[in-house]
Amino acid sequence: MINLDDPLIHGYLLRLIGEDGITLIQKMPPNDVTDEEICNVLNPLKTISREAEDKVKKLKAEIKTAKEKGEETKKLEKELTAAEKEAEKAKENAVGEREITLNTVRKILFILYENKFTICHRERDANSGWLTFRWQIKMGGIYHQIEREKKKLHRNLMKRKDYEDNNIFYVCPQNCLRLVFDEATETEFLCPLCGEDLFFQDNELFKQLLDKRIEEFEEVK
């Protein structure tokens with residue numbers, strides 16, 4: 001299991017899948033599990049509440065069927081009363097639990113899959129043809145992925161720095177757009193969107209910030 005307390009890993013995953021995704025990784029069972037099973041693990045109190053409600057519905061259905069057949073229902077009604085109390089208590093306990101929905105779980109799993117951090121097995125039911133996806137965490141390559149992302153970001157910063165160094169910029173006072181000198185001359189230094197006069201933008205501060213960020217990357221190397 002990866003060390004989620006590592007600031008590098010935690011920061012990377014936070015940007016990729018958010019706090020809910022990190023919680024999912026922390027609580028993900030080691031064996032192959034479905035998205036619904038994962039959702040149940042992430043929301044234990046709401047799962048208990050839902051199961052209690054299902055039990056109440058099942059007992060009500062059994063009582064209705066028994067009455068239609070003219071059978072004794074006292075035992076079932078007693079069970080129903082106890083089940084309703086349990087369901088109400090479970091519902092109250094689940095009120096304060098922050099829910100991570102099934103849709104959120106599925107979204108996180110597919111993001112992890114796209115980044116090769118999960119293994120997904122598909123099982124098709126022979127009778128219904130229904131597909132079931134079973135998931136397993138596999139994050140052994142996370143350091144390699146982070147290194148690739150760092151190199152990509154460093155290249156982008158260098159390209160942006162070169163662009164800022166080799167151009168003169170003019171901007172619209174209404175923040176419509178930002179043009180390089182040649183583009184500004186073509187519009188006669190007027191904003192093509194709102195017609196305002198463009199004015200020169202000093203980008204020295206921005207270049208200094210880029211230099212600092214690039215320096216930080218090179219120091220880490």
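Our subject is the structure that appears above.
Calculation criteria
- Residues numbered from 1 in each chain as written.
- Predicted model: local features only at pLDDT ≥ 70, side-chain atom pairs only at ≥ 80, totals over all residues.
- Heavy atoms only, no water.
- Pairing = 2+ DSSP bridges.
- Helix = DSSP H or I, 4+ residues; strand = E, 2+ residues; numbered from the N terminus.
- Salt bridge = Lys/Arg side-chain N within 4 Å of Asp/Glu carboxyl O.
- Buried < 20%, exposed > 50% of the residue type's maximum accessible area, 1.4 Å probe, protein only.
- Patch = residues over 30% accessible without salt bridge, like charges linked within 9 Å, V, L, I, M, F, W, Y side chains within 5 Å.
- Areas by Shrake-Rupley, 256 points an atom, 1.4 Å probe, with all protein chains shown as cover.
- Axes fitted to C-alpha atoms, helices over the stretch in contact; angles between N-to-C directions.

A. Examining the sheet that holds strand 3 (residues 131-137) more closely. A sheet is described by the order of its strands in space; here three strands give the open sequence 1-3-2, paired in antiparallel fashion. Looking at which strands have only one partner, the edges of the open sheet turn out to be strand 1 (33-34) and strand 2 (118-124). Relative to strand 3, strand 2 runs antiparallel, the two being bridged by seven bridges. If you follow Cys120 over to strand 3, its bridge partner there is Trp135.

B. Quick look at the pattern of salt bridges. Applying the stated criterion across every chain, the model contains 12 salt bridges. In this structure, the salt-bridge partner of Arg178 is Glu164, at a minimum N-O distance of 2.9 Å. Of this pair, Arg178 sits in strand 5 (residues 178-180) while Glu164 sits in helix 6 (residues 142-165), placing them 14 residues apart in sequence. Look at Glu164 and you get buried, because its relative accessible area is 0%. Taken together, the salt bridges that share partners define one network made up of Lys161, Asp165, Glu204, Lys207 and Asp211.

C. Seen up close, a nonpolar patch on the surface. Taken together, the side chains of Ile168, Phe181 and Phe200 define a hydrophobic patch exposed on the protein surface, amounting to about 290 Å² of accessible area. Tracing the sequence through the fold places Phe200 in strand 6 (residues 199-201).

D. Examining the sheet that holds strand 4 (residues 169-171) more closely. Overall, antiparallel pairing links the three strands, which are arranged 5-4-6 in an open sheet. Each edge of the open sheet carries a strand with a single partner, namely strand 5 and strand 6. Across the sheet, the mean angle from the axis of one strand to that of its neighbour is 40°, orientation sign disregarded. When strand 4 meets strand 5, the two strands line up antiparallel, connected through three bridges. Directly across from Phe169, in strand 5, lies its bridge partner Val180.

The values are spatial; any link to function lies outside them.
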